[in-house]
Amino acid sequence: MIIEESGDRSLMLIMDLKSAGFELQAKTISNENELREKLNNKKWDLILAEYENSILPGIKAIHIIREYTNIVPIVAFVDKVGDEVASNVIRAGGQDLLHFDNLTRLSAVVTREVDASKGRQSLYDSLVSVEQKEETYHNILNAAPDPIVVLNNSHQIVISNEEAQEFLGFTREQLMDKPIDYIVPIDAAGENSINCVVSEDLDTERSQRFEFQARHSDGNMSPVEVQVSKVKSQYSSLTVVVIRDIIHRKHFEEELRISDERYALAIKGINDGLWDWDLVNNKVEYSPRWKEMLGYRDDEIENAPDEFFKRIHPDDVQKVTDEVDRFTKKGASRYYVEVRLKHKDGKYRHILSRAYGVFNEKNKLIRMVGTHIDLTDRFAKDQELREYVAFNESLIDSSLDGIVTVDIDGCIIGMNKFAQKLFEFSEAEVLGKEFVETLLPTHVRSQFNKGMDRYFNSGKSNLIGRRIEMDAVQANGEIIQTELNIVVSQRAQATIFTIFIRDISDVRKMNEELEKRVYQRTEEIRNANLELEQMNARLEESNVLKTRFLSSMSHELRTPLNAILGYSDLLKGRHFGDINEKQEQYVRYIKDAGAHLLELINDLLDLAKIDAGAMDLNKEDIYIDDGIFATVTMLKKQIAEKNADVRVNISECTFSVNADARKLKQIYLNLMSNALKYIGKNGQITISAKVEGGMVRSSVSDDGVGIAEDQHESIFSEFHQADHKRDENLGGTGIGLALTKRLVELHGGSIGVDSELSKGSTFWFTIPVAVDSKMLVSPESSAMLQVPVMSQRKILVAEDNDANLELILDMLSIFKHNISIARDGRQAVELVKSNKPDLVLMDVRMPIMGGLEAVEEIRSDEAFKDLPIIAVTASVGTDSQIKQIESGCTDHLSKPINYKELYAMLERYLPACT
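None of these values were measured; they are calculated from a predicted model.

Conventions we followed
- Residues numbered from 1 in each chain as written.
- Predicted model: local features only at pLDDT ≥ 70, side-chain atom pairs only at ≥ 80, totals over all residues.
- Heavy atoms only, no water.
- Pairing = 2+ DSSP bridges.
- Helix = DSSP H or I, 4+ residues; strand = E, 2+ residues; numbered from the N terminus.
- Salt bridge = Lys/Arg side-chain N within 4 Å of Asp/Glu carboxyl O.
- Buried < 20%, exposed > 50% of the residue type's maximum accessible area, 1.4 Å probe, protein only.
- Axes fitted to C-alpha atoms, helices over the stretch in contact; angles between N-to-C directions.
- Contact = heavy atoms within 4.5 Å.
- Phe/Tyr/Trp six-rings, centres within 6.5 Å; stacked < 30°, edge-to-face > 60°.
- Lys NZ or Arg CZ within 6 Å of the ring centre and 35° of its normal.
- Expected span 1.5 Å × (residues − 1).
- Lys, Arg positive; Asp, Glu negative; His and termini not counted.
- Core = buried A, V, L, I, M, F, W, Y, C linked by side-chain atoms within 4.5 Å.

Is there a simple way to think about the sheet that holds strand E3 (residues 47-50) in this case?
Strand-to-strand pairing in sheets goes through backbone hydrogen bonds, with the strands running parallel or antiparallel. One open sheet accounts for 5 strands, arranged E2-E1-E3-E4-E5; its pairing is parallel. Of all the strands in the sheet, just strand E2 (28-29) and strand E5 (96-99) have a single pairing partner and so form its edges. Here strand E1 (residues 2-3) runs beside E2; their pairing, made up of 2 bridges, is parallel. In the strand pairing of E2, isoleucine 3 is matched with isoleucine 29.

Given below as structure tokens:
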């Protein structure tokens, strides 16, 4: 029996079998009713079924046949073989499958399956009376073309036919009583067990097929198909296991799998999405790339027609429907439509959908196979181009200049909206007309034509590429003044002249008016300059008089103050006799009041000089830290009275500034004096400086009473005090900050304050860095300047010269060290042992015992072997330094002592104090 909807293919199968020597009584059927009728009325030796039959699919036919019999063999024919197709056929009950394009195995398969069918038929007929016909049963088993073993209830082999023994390589005795997994072992994972199969309560009239690995006597394994059937009688229950060698089929399936993979890779390489729509069964297959275009994985979209149609943009639904109808109903040669499909992210992708049809023998479309190409990027570029063109057109129309395009013959081919408004013509009225005759008045046409002739003859003309003023004429004949700019371009191999036209009638009027105003303004400025020159002359005379007055006032005010302060000093010094305690108190009051008055007069005079422009700065390149440390030294008495903690912090290297040294010290003195007034006992003051751009930013910070925010600007005004009563009690005049501000501004800098009440104040100012700023690179100096200069350490100074001793003590005064003094070497040794200082400054030449002798005696005591001892000497040279080191000195300072070198030495040998 042949189940085939195509008569041509049925005839081809019959002819192939007849040519192979078969005598046939073949019948071709094409529907289910006819199949059931033939199965009821006749027994068949073999059934050939088309797998992809659209009327009666092969799988459905096999299921129907197995309802009637499980003996007759069924061979399926396919157009495309794959693992899934083969598995479907075998599970349904088919014996084998062949490809329509490769029928070389047809005769062998038919012979084998017919023989096997006969064997199975004989087997089943014999099993009905197996206990009475044992000998016949064994003969039938041995006649079967497939290996067969029979199992008892314990799944042990009780019968094996000769084909099984030959296939497996075992003798009958070797197989007897062996469990079935002896020849069909459990796989490594323990999942594929034949024991589970033979234990199932199988339908006795329907066999089932499974694939396993069979073990041969030589230990090798081969793939087999196992058909298991149950045979029951009133005496016993047996399991019949038919084993079929499928190694050749596996090789064929592997070749097909590789072929399918190559096909899939080729499809993937073209980057198109594929779809295959079976219109008969309304089923569709979408390739993974088809789904990927829409943002989905392969398992996220079902293979159903609705998955395509439900994603179509609402505006495209009718277009797609019309194209499908045209293709399916009107016999179009191909399907072609651009459609928007919804992506997983909610946006729409532009897709080109194309397809070709498969038609049956009645020319009816039964299948569509097509591709999807993603056009989104190209569409975006096209859309961008369209928007660009539209933008250019709108830009031209929105231009505030008239734009007229003219061809090589001088005819108008375009005019923007502004030009239409300017000339009072519509574009339609001027298209095709000559530019010169239409928009230029008679008196300029000759000039314009000559200029254009020069361009055509030589490629150069004063009309092209430059702005020229030329009269133009409106539609009503009125002459207007314009400015023309002619640009030449090539468009589609044609020369185009673009003429930009600007109406300058109003501009000309404005220029004339402007010229009049400029003349009037010039006269006004000339008169004003004359008045200014006269005023400057008067001011210069006034400044001269003011300078003379200041000079006179300075002399007149300082002279009586000198007498007051001088006589106060004489009285206080008792040079002309003793004074009592009350008189001494009055003298002190007079001296303090006179000093305060002198300070006020000096500040007032300095302010007056600055205002009069009479103060000159003696600028030079100086190191800023010289001004800082000199000021600290000047205020050491006030610092000591407040027991203030004064810190100096200068960034990485000290640097030079361009300033008046005396005025710079006065700035620091005013700011530090101000800070000392408003801090309490044990307060802290920090002086810092760093380079920012071309300026030095220096600041003086304190932890004093602070200043309210609304006072930050006014405190720099003359005679202004943030708290009048408090400031007067502290001796403030209201002049110091005002003078400081003027001095900073004279140097080209600025000044300000950051402060909050009860949180202290930071006064900062900027001053220019020297043009050739000399950077000190001494690591000792730079390191010292970054750390606090206040420390509480014990230092012994051994020095017999009063001037040198006073200098060293002044330099150390701001550190608040505990200083002890030795006037000779012997006294230095005793003080080291009694006071145990942290560092010793040892003068080399001293009476009674020299400094180096004292060092040797100190080093003889093990307790002082690590004590830093710095030799202070006027001697220079390598020999002197070697002698000092051999005596036990840690380092040396050369006279005259430089305070930076001294501070660096302290920082180096007293690291804990930093």
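Can you walk me through the pattern of salt bridges in this structure?
Side-chain pairing between opposite charges can occur once the charged atoms of the two side chains come close. For the structure shown, the criterion picks out 34 salt bridges. Measuring nitrogen to oxygen at the nearest pair gives 2.6 Å for the salt bridge that ties arginine 311 to glutamate 307. Taking relative accessible area as the criterion, arginine 311 reaches 10% and is therefore assigned buried. Relative accessible area serves as the criterion here: at 9%, glutamate 307 is assigned to the buried category. The network of salt bridges with common partners includes Asp96, Arg112, Glu113, Asp146 and Arg244.

I tried to follow the sheet that holds strand E15 (residues 365-374) on my own but got confused; where do I start?
The sheet built from 5 strands is open, its strands ordered E12-E11-E15-E14-E13 with antiparallel pairing. Of all the strands in the sheet, just strand E12 (283-286) and strand E13 (335-342) have a single pairing partner and so form its edges. Strand-to-strand, the axes of this sheet are offset by a mean angle of 25 degrees, without reference to chain direction. Of the pairings in the sheet, the one linking strand E14 (residues 348-359) to E15 comprises 9 bridges and is antiparallel in character. From the neighbouring strand, serine 353 faces E15, where its bridge partner is histidine 372. Across the sheet, helix H13 (residues 317-329) touches E13, E14 and E15, and the angle it forms with E13 is around 150 degrees.

What is the right way to look at the packing of aromatic side chains in this model?
Pairs of aromatic rings are described using the distance from one ring centre to the other and the angle between the two planes. On inspection of all chains with the given rule, the structure shows 13 aromatic pairs. For the ring pair phenylalanine 210 and phenylalanine 212, a centre distance of 6.5 Å and an interplane angle of 40 degrees mean the geometry is tilted. Its relative accessible area of 23% is what places phenylalanine 210 among the partly exposed residues. Taking the centre distance of 6.1 Å and the plane angle of 80 degrees together, the rings of phenylalanine 716 and phenylalanine 763 count as edge-to-face. A residue pair is termed long-range when its members are at least 10 positions apart, and phenylalanine 716 in the loop between strand E25 (695-702) and helix H24 (724-729) and phenylalanine 763 in strand E27 (residues 761-768) qualify at 47 residues. Taken together, the aromatic side chains of Trp275, Phe327 and Tyr335 make up a single cluster linked through ring pairs. The cationic tip of lysine 42 hangs over the ring face of tryptophan 44; the distance from NZ or CZ to the ring centre is 4.9 Å.

Just to check I follow, could you spell out unusual backbone geometry for this structure?
For residues besides glycine, phi is generally negative; the peptide bonds are generally trans as well. The backbone phi angle of serine 758 is positive, close to 70 degrees, even though this residue is not glycine. On the secondary structure map, serine 758 appears in the loop between strand E26 (751-755) and E27. Its relative accessible area of 67% is what places serine 758 among the exposed residues. The backbone of lysine 836 sits at a positive phi, close to 50 degrees, despite the residue not being glycine. Summarising the element assignment, lysine 836 is placed in the loop between helix H28 (825-835) and strand E30 (839-843).

It is not clear to me how helix H27 (residues 802-813) should be interpreted in this structure. Could you clarify?
Since the α-helix turns once every 3.6 residues, residues separated by three or four places project in the same direction. Between the first and last C-alpha of H27 there are 16 Å, a value that for 12 residues agrees with the 16 Å anticipated at 1.5 Å per step. Among all positions in H27, only Leu805, Ile808, Asp810, Met811 and Leu812 are buried.

Before we go on, may I ask you to explain the pairing of strand E11 (residues 273-278) in this structure?
Sheet analysis places E11 next to E15, joined by 6 bridges and oriented antiparallel. Across the sheet, the residue bridging to aspartate 276 is valine 369, located in E15. With 4 bridges connecting them, E11 and E12 associate as antiparallel partners. The residue bridging tryptophan 275 from the neighbouring strand is tyrosine 286, located in E12. Here E11 folds back onto E12, and the loop between the two strands holds 4 residues, one of which, asparagine 282, carries a positive phi near 55 degrees.

Before we go on, may I ask you to explain the side chain of aspartate 824 in this structure?
Topologically, aspartate 824 is positioned in the loop between strand E29 (818-822) and H28. No salt bridge is formed by the buried aspartate 824; the nearest opposite charge belongs to arginine 826, separated by 6.5 Å. Beyond its immediate stretch of four places on either side in the chain, aspartate 824 contacts Met846, Pro847, Ile848 and Met849.

Just to check I follow, could you spell out the nonpolar core for this structure?
Side chains of a nonpolar character, in soluble globular proteins, are inclined to be buried together. In terms of nonpolar packing, the biggest core is built from 60 residues, with Ile687, Phe765 and Leu841 touching the most fellow members. Looking at which element gives the most residues to this core, the answer is helix H23 (residues 661-678), with 7 residues. Residue contacts for leucine 841: discarding those within four places in its chain leaves Leu796, Val797, Ala798, Ile808, Leu812, Ile870, Val872, Leu893 and Leu902. By size, the runner-up hydrophobic cluster in this structure holds 28 residues, among which are Tyr455, Met470, Ile480 and Ile501.

How should the pairing of strand E23 (residues 656-660) be read in this particular structure?
One face of the sheet, then the other: side chains in a regular strand alternate in exactly this way. When you tally the buried positions in E23, you get 4 out of 5 residues, the bulk of the element. Direction of pairing for strand E21 (residues 619-623) relative to E23: antiparallel, over a ladder of 5 bridges. Across the sheet, the residue bridging to isoleucine 622 is valine 657, located in E23.

Sorry if this is basic, but what is going on with the side chain of threonine 631 here?
Turning to its location among the elements, threonine 631 is positioned in helix H21 (residues 624-634). With residues up to four places along the chain from it excluded, the contact list for threonine 631 reads Lys665, Tyr668, Leu669 and Met672.

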